[in-house]
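Spelled out from the first residue to the last, the chains are:
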Amino acid sequence: MAEKLARILYVEDETDIQTVAKLALETLGGFSVQICSSGNEALQRAPEFRPHLILLDVMMPGMDGPTTLHKLRELPQFVLTPVVFMTAKAQPAEIAGYKDIGAVDVIPKPFDPMTLSNQVQVIWERFHG
Amino acid sequence: MVDPSDLQKKLKELSDAYAAQLPEKLDQINRAWKQLPDNNWDDEYFQTLHRMVHSLTGSGKTFGFALLSEVARSLEEFLKKIVQTKQLPDEEQRKCVQVLLSELYQVSIRRDTSIAESSGLAAVEPLSCGGVNPKLVFVVEKDPVLTEELKVQLGYFGYDVVTFNNLDNFCKAMESHPNVLVLMDIDFPKNSREGIQTIKKIQQERDVPVPVVFLTAHVEFEARLEAVRAGGMAYMNKPVNIGNLIDKLDSLTSTLPSAPYRVLIVDDSEALTAYYAAILEQAGMVVKSVNNPLNVMATLLEFTPDLILLDIYMPECNGMELAKVIRQLDTFVSIPVVFLSAESDIDKQMLAMELGGDDFLTKPIQPEHLIASVSSRIQRSLILRSFMVRDSLTGLLNHTAIKDQLDREVAQTKRRGTPLSFAMIDIDHFKQVNDTHGHPAGDRVIKSLSRLLKQRLRETDMVGRYGGEEFAVILSNTDGETAQKVLDVIRQDFSQLRHLADGTEFFTTFSCGIADVSFFGDATKLCDAADRLLYKAKQAGRNQVVLGHAPPISGSDFT
């Protein structure tokens, strides 16, 4: 039986999106959410927060989503942690590309705050299903 | 776990904040585009521009600006093509970007009707219910007589009143009370509009404006205008008409119970019903699923849904047959039935509607679409239903509805062995009120009693307008003696209520008869007994509550 999804690390550089995602995931999903504003911050905070799942914005200044994923995978405790990309580029070919580099799924942006936590939960269950 | 109104409020705030930042963001993009270096290709500069637009694409819809997301996406695609060539845009391309930029400005003011509506939340909110329910009222008024009067009168309608005769104390109290209603006098010794100015200051420091009703002797338009600008929800001239004031306060706080919508899903696929149920539950509805259509009847009667979602093709019995059967039950004649099916043949859809369906949704359906269809159907049907069962003047149950309700309640208490009391109330000398003060004044008296009853009784109690000035109350789980105590307090308070008509004040009283279900076999006998007891109260001098002590068998006490 899979562990219950409780802690989500969300890496996103834009503060307004951070706020609405955190609100949606916490209020509707009941998850505990740690926000990181950059890939670097994510790499620093992840070991202590021990997320069950990581949401990664693809396009960020500095270290982008794919690079952050790559570096996370170098940390032994995050070799298997499911990572979901959040992106406005959600063409099928692009989605396939993200999955190739190790994302379990892609949530297209702009997301609907009302369904976000459900989307995440479904991905989590499918990942463990 | 989730308080929908709270979440909705927060989302609205976030959307407001996003909207406020939009002009600046667009200006930044516009400036960046205008200052594009035109001598040689600057990759980094162009990437930055691209990222700013990309950010709008990825956020607009989340905050209720769906169109903005779309236009930004077109612009982004276009910029991406330019980036790939690593060539400065030519004349043609520049024109295109210009057009898209100006379109971006145009759609930036096009907020989706409501961020909550698009996600189905608004619909979850029952009719005209505000969600917040502050019952604390701050009265700021320099006239001590009026202050005391307001305190007493508002108290009768269940409001807790704190009075202030000084603006400084009021401001201090406001800091620690986010959820109050304010009744504000405008004219204070220092300045004839000081009340408005104080409110203005307070509103500026708040994210959510405090609801304010201004009370004033000022009649000039400028004062009204200033009051509106300070965020006043209402403006009432002195002398204050308490009835109007309470109406206002009630509408600002809304005391309607917030019952969630109930949906019954009938579909033979367990996976699908679970999926639909999850979507609707997330929107705050209560959902029950039935996978075998033959089991529908029992669930239907027990669950009493507001809407039925029916799959068309099921083994044993198809959705259309089922709709027909449901429609033949009196209780469910008006319930909305929505078909859900992969059937896209329009003729088949029409046939389904003829057999009793109200709507046809084609699978697969978008979650938002499902929520929106279901909730708008329910909302409309509840409004229609309320026309059928509600009295138009008071909003109470009408004669037929309260009698139906009494039948149901009595049957239930007999089954469960729980207590129940039924009360009949009649306003004393009501004809005199109409004759002396006119019918509008009479209507206001009726309204004020109905409000008092609704506010004082529990949500589980049912109040109906039985006829002209006659009311009926079903107090569930309450024996006769308790009911008598409750209604006697209401009687005393009602007799203290000051009614106004053309500047003159008057008071009215009511008489009440109460019968306890344990003495009577059915609803009709119970109802007759309450009626006789009411007559007894009138005979004994009015303005009193009479409880029947009938011997269990004969009931001869009443003859």
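Here's what I pulled together on the structure shown here.

Reading the values: the criteria
Residues numbered from 1 in each chain as written. Chains lettered and ligands numbered in written order. Predicted model: local features only at pLDDT ≥ 70, side-chain atom pairs only at ≥ 80, totals over all residues. Helix = DSSP H or I, 4+ residues; strand = E, 2+ residues; numbered from the N terminus. Buried ≥ 20, exposed ≤ 12 C-beta atoms within 10 Å, placed from the backbone. Contact = placed C-beta atoms within 7 Å. Axes fitted to C-alpha atoms, helices over the stretch in contact; angles between N-to-C directions. Parallel < 35°, antiparallel > 145°, perpendicular 65-115°, else oblique. Left-handed = near helix turned anticlockwise from the far one by under 90°. Nonpolar A, V, L, I, M, F, W, Y, C, P; charged D, E, K, R; others polar. Expected span 1.5 Å × (residues − 1). Pairing = 2+ DSSP bridges. Arc of directions from axis to C-beta. Core = buried A, V, L, I, M, F, W, Y, C linked by C-beta atoms within 7 Å. Domains from an automatic or database assignment.

### A closer look at the overall build of chain B
Okay, step 1: From N to C terminus, chain B includes 21 helices and 17 strands.
Okay, step 2: Across the 559 residues in chain B, those meeting the buried criterion constitute 37%.
Okay, step 3: Pairs at least 24 residues apart make up 65% of the contacts formed inside chain B by residues separated by at least 6 positions.

### Some details on the environment of Thr147 of chain B
Residue and element names in this part refer to chain B.
Okay, step 1: With respect to the helices and strands, the residue Thr147 is situated in helix α7 (residues 144-156).
Okay, step 2: Of the residues examined, Thr147 has 19 C-beta atoms within 10 Å and is grouped as partly exposed.
Okay, step 3: Separated by 16 residues in the primary sequence, Thr147 and Thr163 have C-alpha atoms spaced 6.8 Å apart.

### Examining the packing of helix α2 (residues 39-49) of chain A against helix α3 (residues 65-74) of chain A
Residues and elements named next belong to chain A.
Okay, step 1: As a packed pair, α2 and α3 sit with axes 9 Å apart at the nearest point and diverge in direction by 25°. Looking at the two axes, α2 sits roughly parallel to α3. At the point where α2 passes α3, the crossing takes the right-handed sense. Where α2 abuts α3, its residues Gly39, Ala42, Leu43 and Ala46 lie against Thr67, Thr68, Lys71 and Leu72.
Okay, step 2: Looking at the contact of α2 with α3 residue by residue, the classes come out as four nonpolar, three polar and one charged.

### Comments concerning the packing of helix α8 (residues 167-176) of chain B against helix α9 (residues 194-204) of chain B
Residue and element names in this part refer to chain B.
Okay, step 1: For the pair α8 and α9, the least separation of the axes is 11 Å and the interaxial angle reads 20°. Judged by the angle between their axes, α8 and α9 are roughly parallel. Handedness of the α8/α9 crossing: right-handed. Counted together, Leu167, Cys171 and Met174 of α8 and Glu194, Thr198 and Ile202 of α9 form the full contact between these two elements.
Okay, step 2: Here the residues of the contact of α8 with α9 sort into four nonpolar, one polar and one charged.

### A closer look at helix α12 (residues 270-282) of chain B
Residue and element names in this part refer to chain B.
Okay, step 1: Across its 13 residues, α12 extends 18 Å between first and last C-alpha, which sits within 8% of the 18 Å expected from 1.5 Å per residue.
Okay, step 2: Looking at α12, one finds that the buried residues are Thr273, Tyr276, Ile279, Leu280 and Gln282.
Okay, step 3: Downstream of α12 by a residue or two, Gly284 has a phi angle that is positive, lying close to 90°.

### Section: the interface of chain B and chain A
Okay, step 1: With 27 residues of chain B at the contact, the number on the chain A side is 19 residues.
Okay, step 2: Elements with a contribution of two residues or more to the side of chain B that touches chain A: α1 (4-34), α2 (43-59), α3 (66-85), α12 and α16 (367-389) of chain B.
Okay, step 3: Looking at the side of chain B that touches chain A, its residues break down into 11 nonpolar, 11 polar and five charged.

### Overview of the sheet that holds strand β1 (residues 7-11) of chain A
Residues and elements named next belong to chain A.
Okay, step 1: Overall, parallel pairing links the five strands, which are arranged β2-β1-β3-β4-β5 in an open sheet. In this open sheet, the two edge strands, each paired with only one partner strand, are β2 (32-36) and β5 (105-108). The sheet shows a mean angle of 20° between the axes of neighbouring strands, taken without regard to direction.
Okay, step 2: Inspection of the sheet shows β1 paired to β2 by five bridges, in the parallel sense. Bridge pairing links Val11 to Cys36 in β2.
Okay, step 3: Packed onto the sheet, α2 meets β1 and β2 and runs at close to 170° relative to β1.

### Digging into the sheet that holds strand β4 (residues 212-216) of chain B
Residue and element names in this part refer to chain B.
Okay, step 1: Within the open sheet, the five strands sit side by side as β2-β1-β3-β4-β5. Their pairing is parallel. Both outer strands of the open sheet, β2 (160-164) and β5 (232-237), are each paired with one neighbouring strand and no more. Direction aside, the axes of adjacent strands within the sheet are offset by 20° on average.
Okay, step 2: Across four bridges, strand β3 (residues 181-185) lies against β4 in parallel orientation. Of the residues in β4, the one forming a bridge with Met184 is Phe214.
Okay, step 3: Seen against the sheet, α8 touches β1 (136-140) and β2 and runs at an angle of roughly 160° to β1.
Okay, step 4: Helix-sheet contacts for α9 involve β1, β3 and β4, and the interaxial angle to β3 is about 150°.

### Topic: helix α5 (residues 116-128) of chain A
Residue and element names in this part refer to chain A.
Okay, step 1: In a regular helix each residue adds 1.5 Å, so 13 residues correspond to 18 Å; α5 covers 19 Å between its end C-alpha atoms and thus fits that length.
Okay, step 2: The set of residues buried in α5 consists of Leu116, Ser117, Val120 and Trp124. The arc that holds every buried residue of α5, seen down its axis, measures 95°, which confines them to one face. Turned more than 90 degrees away from the buried face of α5, the exposed residues are Glu125 and Arg126.
Okay, step 3: Looking at the buried side of α5, the elements it contacts are β1, α1 (15-27) and β3 (53-57).

### Let's talk about the nonpolar core
Okay, step 1: Within the largest apolar cluster, 81 residues are counted, with the highest numbers of intra-cluster contacts made by Ala423, Val473, Cys512, Ile514, Leu526 and Ala530 of chain B.
Okay, step 2: Looking at which element gives the most residues to this core, the answer is helix α21 (residues 523-539) of chain B, with eight residues.
Okay, step 3: The two domains that each donate at least three residues to this core are domain 2 (136-253) and domain 4 (399-558) of chain B.
Okay, step 4: The residues contacting Val473 of chain B, other than those within four sequence positions of it, are Ala423, Ile425, Leu453, Leu457, Asp461 and Val463 of chain B.
Okay, step 5: The next biggest cluster of nonpolar side chains, apart from the first, holds 57 residues, and it includes Ala24, Val58 and Phe85 of chain A together with Leu79 of chain B.

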